[in-house]
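Results of the structural survey
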Amino acid sequence: MRRRVWFVAALAAAAAVFLLPQLWLLSLSLKSKAGVYEYPPRWIPEHATLANYVFALTRTQVPWYLWNSAIVASAAAAATMAVAVPAAYTLSRERFAGRRPLLAALLAVQMISPVVLLVPIYSLVERLGLIDTRAGLVLVYAAMQVPFTVWVLKNFFDAVPRSIFEAARLDGASRARTLWTIVLPIVAPGLGASAVFNLAAYWSEFCLALVLLDSQERFTMPLGLFSFQSAYETDWQLLAAASFIALVPVVAAFVFLQRFFIAGLTAGAVKG
Amino acid sequence: MVVGAVDAAEQALVTPVRVGRPDAPTTLSVWAQQDYSHLAARPAIADVFASVFDDWAGAHPDVQLRVSVMPALELHKAKLQLAAAAGRLPDVASIDSFWLPLLAGDVQPLDDDWPLDDRRDFLPFTIDTLTDPTGRILGMWHETDCRVLFYRRDLIPAPPRTWDELLDVASRVARERRMAGYLYNAGRWEATVFDHLAMFWAQGGELVDRAGRPTFGEGANRRAMLRLLAFLRATIDRGASPRSVLGHNDYQQLTGAAIAGDAAMFLGGNWQLKDLQTGLSAADFARWDIAPIPTADPGTTSTGTGGWVWVVFARDPARRKAAIEFIRDVESPAHAARISEATGHLPVRRSVYRDFPIFSEDVWYRRFGEMLASGHARPTVPIYPAISQQLQLAIGAVVSGERSPEEALDAAWSAVLDEYTRQTTKAARMRTGADHVAWLPAVAAALFPLGVFWRTRRTDAALTPWLLPAAALVTVVLVYPMLDLVRLSLTDATVAGGSYAYTASSYRALVSDPAFYAMIVVTAIFVAGSVALQLTIGFALAWLIDAARRRRAPGTLAARVAVVSAWVIPGVLTGVLWKILLIENRSGIVNYYLSLAGLGPAPLISSPVLALMSVVVANVWRGCAFSMILLYAGLQRVPRELHEAADLEGVSAWQRLRWLLVPQLAPVLLLNLVLITIASFNTFDLIIPLTGGGPARRTEVISLFMYRLGFYDLEAARSAAAAVVMLAINLLLALIAGRLMARGAAEPQRA
């Protein structure tokens, strides 16, 4: 029993390390400009105010940033899944010439961070005439996670018992039909997890958006938040409020999807 | 009136994305400076602009605006240059005055629609600087500023006029009061140079000659610059200033220190007066005063005047006319007065100082107005940005004590001369015509997938549609750019898409750049530190939660959610969050607790070593969740019987870890290692807001180095060369990782 107390204390300490900085941000977002510079600092603002939130939601483009991020991240995540699922399935089930080189190439490409490719990706999107469009961003994002997603999904498909395919073949089901009606329902948690993982990656992506977008009305949330930091002065309490507005839906979604997300992602990525 | 109110309610003329009537036939795109539109992130400014734009929109029913606020300084500049290269410039933009030469080919003259008598109302330097050699006026200055010494009257009875006086009084106050005697900007940004140029100009120094050739490293100019650098070094040696000045890359840090009572003097801008006024009680504010910038020799004076300029890029005459009408309306005396009152910047119209009581009767504005008389603007020459970059590095290196003033200046001078030679010779040999080599990467990228499909065409043709979309997407968006990167690195392209020639000069420039090797060390420390800590802590957390769960301790889910919540935060936000936590004056929460523990305040962002540690800590804080999730899942797969057997044998926790958990988790650990190494190499979004790569590039990891070259300096080829190095390291890692993973997968079968 005494050991259990220690465990609870250790868990609480771990949680505090990750939560307190965020709570400080919340505290800051409820302060007035003068309150930010109070000494000693207060965790609970003396004159808490929602003025920063009202300003961010009605007088800035924060609502547009949220909308843009939602559109871009979900479109890109959908596109990634749409191309990765058939490819991963084929690489898992079929044996054909060129399969191993393809897998190796995917693994190699997976290691390349998009930051490395900023300059050539910029000129590619430029030549496609898609600079400063959501379509350009979606195109690049969609490709970004394809190699990783194919690998993860391939692991899920590998884990599906062989007998299921035998049964489907005996029934005379086509490859597409087998995938759609039999295999996908089995790996649904994995698919969901990959999709959530990709959504998170696209939601947070900053540097491609920074380079590929110009118009503020098309900015995604990270870019919008970055533009809050002014050259001359930053109103930290306002930035904190905008950050919190951006944070709440994401953190809420993750708290909600956590189990599903963790179970799914790791089942694929960790070969037991 | 009533009708107007109803109209307004039904159809607001000023919304966050549109100004004007939605059905207006002409749409002008406007790229505004951050604090200069209704979208300013500062309510007082936003309010004034909302009302000014509303006035304009009411009077111009057939024009609507799409306003975008551009990111801070350097990025705004780079965006404009990229847009210029691609012909995507907005109709109207607000630019920093010294960028004009970079956009000279695209800026449209305003003469036709801007009457001469109105121009006469502007301060002479604003017109002179913006007039081209043929006498056309290229921009409308919209506000200016000047640099001054802020000081506490209660601590410093008479403001220092010379550097010697400043050093004496600042070191005395610092010693007696245990506060910073004198603060200034020495981080990696434009203000670090610009704020100090006054001290150079006051000695008669000139950065460039009339032809735009750099001169600051020659003769008397060199001596003046060396004196300035030696003075900056002395501020540290004499104890007048703390090393934390190296972390100042935002004027807010100076204001914050002043408000917190941590500074007796600082070199700042006139607009900061307003922030002192709002941040301090009336009694505390009364202790502050301003004085001219101290200089090397008595009796000299100078101040840097900057400011922003409206320029018009619209080539179509009707749009150009509408654009000029818009900026004239915003800058009309009544509007300009209200705007300057809100921004705290200085008006550039003489009539505003004369006719509006807030300026004519205000003692501060009168004094700023007097200082503007000795104002000196930065030269509008193409080499200035390079000079500024190099002097930022020189100041950083001297203040940190890494280099002597001579060494730092010589390095800056030779780098600027190289750049100048390149600029002048490059202009002479522009490549024209089609570039067939540019097709090579596209052909090469297509070869591999085509090869695969060619081989499968007979036997497995049915598989092609299953694989093709993924293969095509990856080939076009990832593989082709990868190969194109190699091609780009072998050119001397400056702006992506610009003209160029094939050469190996970018690699030569890279390997002869000492900053390149410094960056490699920084990157190695950052990646190794991040990976080691993240893996250890992630493992510890996973083990803790797993062990607690097996003992049915409450709170495991809550702890897990807490850790993951840090990971879902976008990287930019993590950077901002940690910057707020690590603020170095007394408004920083981490330093507050360090002080309570007797350890602080510590220069967590401004000391080179601590800044790198801070960046690693922030990165680990964010990344731990990822390691934890994977390892926790791995732990779930450790068979229960093994744990039970270990319990029975009563093995120690260490033995259990070493002989049970690590072997069981080896494949997961390796996968983790690979993934977080990639992530750490990728790290960029977190560092940009946190340190910006400073102090003096000591947190500039490879991605930042490469990004800065490509999108701040617009050195596409050099950036590509650095990226090729990054690519090579990544591919090598991929190879090692692939081997390890293959072996890891094989092991359980052998067991």
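Parameters and conventions
Residues numbered from 1 in each chain as written. Chains lettered and ligands numbered in written order. Predicted model: local features only at pLDDT ≥ 70, side-chain atom pairs only at ≥ 80, totals over all residues. Helix = DSSP H or I, 4+ residues; strand = E, 2+ residues; numbered from the N terminus. Buried ≥ 20, exposed ≤ 12 C-beta atoms within 10 Å, placed from the backbone. Contact = placed C-beta atoms within 7 Å. Rg over C-alpha atoms; globule rule 2.2 N^0.38 Å. Nonpolar A, V, L, I, M, F, W, Y, C, P; charged D, E, K, R; others polar. pLDDT = per-residue confidence, 0-100. Domains from an automatic or database assignment. Pairing = 2+ DSSP bridges. Right-handed = clockwise from strand over helix to strand, strands pointing away. Axes fitted to C-alpha atoms, helices over the stretch in contact; angles between N-to-C directions. Left-handed = near helix turned anticlockwise from the far one by under 90°. Expected span 1.5 Å × (residues − 1). Bend = angle between axes of the 7 residues up to and from the residue. Core = buried A, V, L, I, M, F, W, Y, C linked by C-beta atoms within 7 Å. Arc of directions from axis to C-beta.

1. Here we look at the overall build of chain A
- Looking only at helices and strands, one finds 13 helices and zero strands in chain A.
- Listing the helices and strands of chain A from first to last along the sequence gives α-α-α-α-α-α-α-α-α-α-α-α-α.
- Oriented by its inertia axes, the alpha-carbon framework of chain A measures out at about 75 × 65 × 30 Å.
- Within chain A, buried positions represent 53% of all 272 residues.
- For chain A, long-range pairs separated by at least 24 residues make up 77% of all intrachain contacts whose partners lie at least 6 apart in sequence.

2. Focus on the overall build of chain B
- Within chain B, the regular secondary structure consists of 31 helices and eight strands.
- For a compact globule of 751 residues, the expected C-alpha radius of gyration is about 27 Å, and chain B comes in at 30 Å, within 12% of that figure.
- Dimensions of chain B along its principal axes, counting C-alpha atoms only, are 90 × 70 × 70 Å.
- Within the span of chain B, comprising 751 residues, buried residues form 55% of the whole.

3. Focus: the interface of chain A and chain B
- Chain A puts 106 residues into the contact, and the matching count from chain B is 114 residues.
- No other element matches helix 1 (residues 2–29) of chain A, which puts 16 residues into the side of chain A that touches chain B.
- A class-by-class count of the residues in the side of chain A that touches chain B yields 76 nonpolar, 18 polar and twelve charged.

4. With respect to the confidence of the model for chain A
Residues and elements named next belong to chain A.
- Across chain A, pLDDT averages 85, with 93% of residues at or above 70.
- Predicted confidence in chain A is weakest over helix 13 (residues 236–269), with a mean pLDDT of 73, and strongest over helix 7 (residues 134–144), with 95.
- Throughout residues 267–272 the model reports pLDDT below 50, and contacts reaching past four residues in sequence, or to other chains, amount to 19 contacts.

5. Quick notes on the environment of Ala84 of chain A
- Position of Ala84 of chain A relative to the elements: it lies in helix 4 (residues 62–93).
- Along the primary structure Ala84 of chain A and Ala34 of chain A are separated by 50 residues, whereas in three dimensions their C-alpha atoms are 52 Å apart.
- The contact partners of Ala84 of chain A, leaving out residues within four places of it in the chain, are Val146, Thr149, Val150 and Leu153 of chain A together with Ala470 of chain B.

6. Points about the domain arrangement of chain A
All names here are of chain A.
- When cut into domains, chain A gives domain 1 (1–49) and domain 2 (60–269).
- One C-alpha centre belongs to domain 1, the other to domain 2, and the line joining them spans 33 Å.
- For the side of domain 1 that touches domain 2, the elements supplying multiple residues, two or more each, are helix 1 and helix 2 (33–36).
- Take the side of domain 1 that touches domain 2: its biggest share by element is four residues, from helix 1.

7. Re the pairing of strand 1 (residues 26–32) of chain B
All names here are of chain B.
- Counting buried positions along strand 1 gives five out of seven residues, so the element sits mostly inside the fold.
- Where strand 1 and strand 2 (residues 63–69) come together, seven bridges link them in parallel fashion. Following the sheet pairing, Thr27 is matched in strand 2 by Gln64.
- Each parallel crossover has a hand, and for strand 1 linked through helix 2 (residues 43–59) to strand 2 it is right-handed.
- Bridge count between strand 1 and strand 3 (residues 92–96): two bridges; the pairing is parallel. Across the sheet, Val30 pairs through a bridge with Val92, a residue of strand 3.

8. As for the packing of helix 8 (residues 219–237) of chain B against helix 17 (residues 384–399) of chain B
All names here are of chain B.
- At their nearest, the axes of helix 8 and helix 17 sit 8 Å apart, and the two run at 40° to each other. In the packing of helix 8 onto helix 17, the handedness of the crossing is right-handed. Along the contact surface, helix 8 presents Leu229, Leu232, Arg233 and Ile236, while helix 17 presents Ala394, Ile395, Val398 and Val399.
- Taken together, the residues of the contact of helix 8 with helix 17 sort by class into seven nonpolar, no polar and one charged.

9. Overview of the packing of helix 8 (residues 146–159) of chain A against helix 20 (residues 464–489) of chain B
- Relative to each other, helix 8 of chain A and helix 20 of chain B sit at 145°, their axes nearing to 10 Å. Each of Val146, Pro147 and Val150 of chain A in helix 8 of chain A lies in contact with helix 20 of chain B, whose residues at this interface are Ala470, Leu473 and Val474 of chain B.

10. A closer look at the pairing of strand 7 (residues 303–312) of chain B
Residues and elements named next belong to chain B.
- Of all ten residues in strand 7, ten are buried, a share of seventy percent or more.
- The two faces of strand 7 match: Thr303, Thr305, Gly307, Val309 and Val311 on one face and Gly304, Gly306, Trp308, Trp310 and Val312 on the other face are all buried.
- With five bridges joining them, strand 3 and strand 7 adopt antiparallel strand pairing. Bridge pairing links Asp96 to Trp308 in strand 7.
- For strand 4 (residues 140–152) and strand 7, the ladder comprises six bridges, and the chain directions are antiparallel. Bridge pairing in strand 7 links Glu143 to Trp308.
- Pairing of strand 7 with strand 8 (residues 375–376) involves two bridges; the strand directions are parallel. Within the sheet, the bridge partner assigned to Thr303 lies in strand 8 and is Gly375.

11. Some words on helix 28 (residues 653–682) of chain B
- The first and last C-alpha atoms of helix 28 of chain B sit only 35 Å apart over 30 residues, clearly below the 44 Å expected at 1.5 Å per residue.
- Taking the largest bend as the criterion, helix 28 of chain B deviates by roughly 65°, centred on Ala666 of chain B, and proline Pro667 of chain B comes between one and four positions later.

12. Section: the nonpolar core
- Val140 of chain A together with Val563 of chain B are the most contacted members of the largest nonpolar core, which has 336 residues in total.
- The element best represented in this core is helix 26 (residues 608–636) of chain B, accounting for 17 residues.
- Contacts of Val563 of chain B, omitting those with residues within four sequence positions, involve Ala14 and Phe18 of chain A together with Leu541, Cys624, Ala625 and Met628 of chain B.

13. A closer look at unusual backbone geometry
- Positioned with a positive phi, Asp132 of chain A is a non-glycine residue whose angle comes to about 65°.
- By the secondary structure assignment, Asp132 of chain A is in the loop between helix 6 (118–127) and helix 7.

14. A look at helix 16 (residues 363–372) of chain B
Residues and elements named next belong to chain B.
- Listed in full, the buried residues belonging to helix 16 are Tyr365, Phe368 and Met371. All buried residues of helix 16 lie within an arc of 115° about the axis, which places them on one face of the element. Seen from the open side of helix 16, the exposed residues pointing more than 90 degrees away from its buried face are Val363, Arg366 and Glu370.
- On its buried face, helix 16 is in contact with strand 4, strand 7 and helix 15 (357–360).

15. A look at the environment of Gly369 of chain B
- Relative to the elements of secondary structure, Gly369 of chain B occurs in helix 16.
- A C-alpha to C-alpha distance of 9.2 Å links Gly369 of chain B and Cys146 of chain B, two positions 223 residues apart in sequence.

16. Some words on the confidence of the model for chain B
All names here are of chain B.
- Averaged over all residues, the pLDDT of chain B is 86; the fraction at 70 or higher stands at 94%.
- When mean pLDDT is compared element by element in chain B, helix 8 scores highest at 96, while helix 1 (residues 2–10) scores lowest at 45.
- A low-confidence stretch, residues 1–9 (pLDDT under 50), is modelled with zero contacts involving residues beyond four sequence positions or located in other chains.

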